[in-house]
Amino acid sequence: MAYILKKSITKNITQESKIKFLRQRKLLKKFESEDISFEDFIVRLLNNKELSIFEFNEYLFDELFFGQQRSTFIYKLYSYKQDILDVEKLIKILNRVYGVTDEYELRITDVYSNKENVKSEDFAGCKIIKSINGNKVKKIKLLYYKKVEVELKNGTSPENSYVPIEIDLESNLLIVKVNPKAKVITEGANPEELVAKFVKKVEKLFELDFEGFNHIHKETMYKICHELYGQVYNKMVFSKPKGIDEVVKNVANILNKALNIENLELKKQTNNIFNMNDNISKIVEHLLISDILFSTSDSEIIDGIDGFVTYLRFNDGNNVSARLKGENCIDPIFDSETFMALRAPIDNAKKIAILKVVWFKDGKNLRISYDTSNYLCLNIHFYKNLTEEDFNYGLNKYWEYEGKS
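Small disclaimer: the values here were computed from a predicted structure and weren't measured.

1. Quick notes on the pattern of salt bridges
- Counted under the stated rule, the structure contains 19 salt bridges.
- Between Glu 50 and Lys 30 there is a salt bridge, with its nearest N and O atoms 3.1 Å apart. Separated by 20 residues along the polypeptide, Glu 50 in the loop between helix 4 (38-47) and helix 5 (53-64) and Lys 30 in helix 3 (residues 28-33) bring together distant segments of the chain.
- Of the residues examined, Glu 50 reaches a relative accessible area of 46% and is grouped as partly exposed.
- According to the relative accessible area criterion, Lys 30 is partly exposed, its value standing at 33%.
- Residues joined in a network through salt bridges with shared partners are Lys 361, Asp 362, Lys 384, Glu 389 and Asp 390.

Structure follows, in structure tokens:
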């Protein structure tokens, strides 16, 4: 069998990953000494049997499950076809549709070879992960793809868009990832459409039913925002000058006396604008919080603070709808006048639709966007090429705060 490795596949793999793959197999110096492309070098190794097709397909499969697949969609499973818990029965289901005969079926490069027993043009492989005792299916990993055209400055580029799907039967989750490619001109092939297409495919194949998040993920976003602000607030309280509360109280009393507003106590109950003490306190807090954030460099991580919110979008369902963002959606919003003004309606709504967070993880910044627009799933978008460790961290942070909601 003669293999052909097209750039439509390898465009989905970072240069850093390719170099690491070659270095681990002590092939990097040989590659660098030859004036040929990565694709031609790999094909020669495959055709000369210096590299096994299984090993290379396994590398591609694992890399395509993360890497550039930075937009992830999390679904909660309510029920599924019980046959998929049994390895043999699961392989029969996959064999009927995709011609699968083994627990590991890796075809990423085979779609360009002369192999004829591949049944599905959009199926690139699967891995069945068994439990420790080997009697039960733990996870099902499926890799789909779609040939697409991407618009460039000087024409178009043929590429494959990969959609890895993981069915975690222990955690009752369906996890879908996709590369958020821009300017895809193939009809029905933008990233969101591909996710919808292949979720529908596995939903039918395995008789999946989903448990909707409904408003839980929105409430979780509020909890994250509330607690991260609380951490900054506590830092502010610790540095608050002694006696400032008494000063605020005296200033509020002087202003109330000078303004001489009738029925002030009654008006306080209907509109917080009349609560002079509360409003002046917030101004003072705003000053102190702004001072903390202003004194911190972009790369500095503050002790006792897990991260910053850099963007949020919320709607209270009645009169208030707002979007708040820091500079370039990177700077924190906690010191903005708009955030301070909207704290009350946000606290009343206790729901946030989109939240962008910079988490402080192991001394580094991990930038993530959580989107709860779809009641059925949670969309977590990562702003750099994805590792399994970063994905698990971003998702586990969500579960941590959902448990507190």
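2. Regarding the environment of Ile 216
- Structurally, the position occupied by Ile 216 is in helix 8 (residues 216-239).
- What makes Ile 216 partly exposed here is its relative accessible area of 36%.
- Remark: the alpha-carbon pair of Ile 216 and Lys 351, spanning 135 residues in sequence, is separated by 8.7 Å.
- Excluding anything up to four places from it in sequence, Ile 216 contacts Tyr 398 and Glu 402.

3. Looking at the environment of Trp 399
- Counting through the fold element by element, Trp 399 comes out in helix 13 (residues 388-402).
- Using a relative accessible area of 25% as the deciding quantity, one classes Trp 399 as partly exposed.
- Separated by 182 residues in the primary sequence, Trp 399 and His 217 place their C-alpha atoms 9.6 Å from one another.
- Not counting residues up to four positions away in its chain, the partners in contact with Trp 399 are Ile 74, Lys 76 and Leu 173.

4. Structural notes on the pairing of strand 11 (residues 364-371)
- Direction of pairing for strand 10 (residues 354-361) relative to strand 11: antiparallel, over a ladder of 8 bridges. When the bridges of strand 11 are listed, Phe 360 appears paired with Asn 365.
- Between strand 10 and strand 11, which follow one another and run antiparallel, lie 2 residues, and Asp 362 among them has a positive phi close to 50 degrees.
- Bridge analysis of strand 11 against strand 12 (residues 377-382) gives 4 bridges, and the strand direction is antiparallel. Bridging across to strand 12, Tyr 370 finds its partner in Ile 380.
- Hairpin connection of strand 11 to strand 12: 5 residues between the antiparallel strands.

5. Points about the pairing of strand 1 (residues 71-79)
- Burial within strand 1 is extensive, with 7 of its 9 residues counted as buried.
- The pairing of strand 1 with strand 6 (residues 173-178) spans 6 bridges and is antiparallel. Of the residues in strand 6, the one forming a bridge with Ser 71 is Val 178.
- The pairing of strand 1 with strand 12 spans 5 bridges and is classified as antiparallel. Bridging from a neighbouring strand, Ser 71 pairs with His 381 of strand 12.

6. Points about the packing of helix 8 against helix 12 (residues 337-349)
- Between helix 8 and helix 12, whose axes approach to 12 Å, the crossing angle comes to 135 degrees. As summarised for this structure, helix 8 and helix 12 are arranged oblique, according to the angle between their axes. For the pair helix 8 and helix 12, the crossing hand works out as left-handed. Here helix 8 contributes Tyr 222, Cys 225, His 226 and Tyr 229 to the contact with helix 12, which in turn contributes Phe 339, Met 340, Arg 343, Ile 346 and Asp 347.
- Broken down by class, the residue content of the contact of helix 8 with helix 12 amounts to 6 nonpolar, 1 polar and 2 charged.

7. A short note on the side chain of Asn 57
- Checked against the element boundaries, Asn 57 lands in helix 5.
- Polar side-chain contacts of Asn 57 include one of 3.2 Å to the backbone oxygen of Leu 106.

8. Topic: unusual backbone geometry
- Phi is positive for Asn 214, which is not a glycine, with a value near 55 degrees.
- Relative to the assigned elements, Asn 214 resides in the loop between strand 7 (209-211) and helix 8.
- Residue Asn 214 is classed as partly exposed on the basis of its relative accessible area of 44%.
- One non-glycine residue, Asn 260, lies in positive phi territory at about 55 degrees.
- Relative to the assigned elements, Asn 260 resides in the loop between helix 9 (244-259) and helix 10 (264-270).
- Asn 260 gets classed as exposed once you look at its relative accessible area, which sits at 61%.

9. Digging into a nonpolar patch on the surface
- On the surface, Val 247, Val 251, Leu 255, Leu 259 and Ile 261 cluster together into a nonpolar patch covering about 370 Å² of accessible area.
- Within the secondary structure, Leu 255 is located in helix 9.

Rules and cut-offs
- Residues numbered from 1 in each chain as written.
- Predicted model: local features only at pLDDT ≥ 70, side-chain atom pairs only at ≥ 80, totals over all residues.
- Heavy atoms only, no water.
- Salt bridge = Lys/Arg side-chain N within 4 Å of Asp/Glu carboxyl O.
- Helix = DSSP H or I, 4+ residues; strand = E, 2+ residues; numbered from the N terminus.
- Buried < 20%, exposed > 50% of the residue type's maximum accessible area, 1.4 Å probe, protein only.
- Contact = heavy atoms within 4.5 Å.
- Pairing = 2+ DSSP bridges.
- Axes fitted to C-alpha atoms, helices over the stretch in contact; angles between N-to-C directions.
- Parallel < 35°, antiparallel > 145°, perpendicular 65-115°, else oblique.
- Left-handed = near helix turned anticlockwise from the far one by under 90°.
- Nonpolar A, V, L, I, M, F, W, Y, C, P; charged D, E, K, R; others polar.
- Polar contact = N/O pair within 3.5 Å; in protein donor to acceptor, adjacent residues only side chain to side chain.
- Patch = residues over 30% accessible without salt bridge, like charges linked within 9 Å, V, L, I, M, F, W, Y side chains within 5 Å.
- Areas by Shrake-Rupley, 256 points an atom, 1.4 Å probe, with all protein chains shown as cover.

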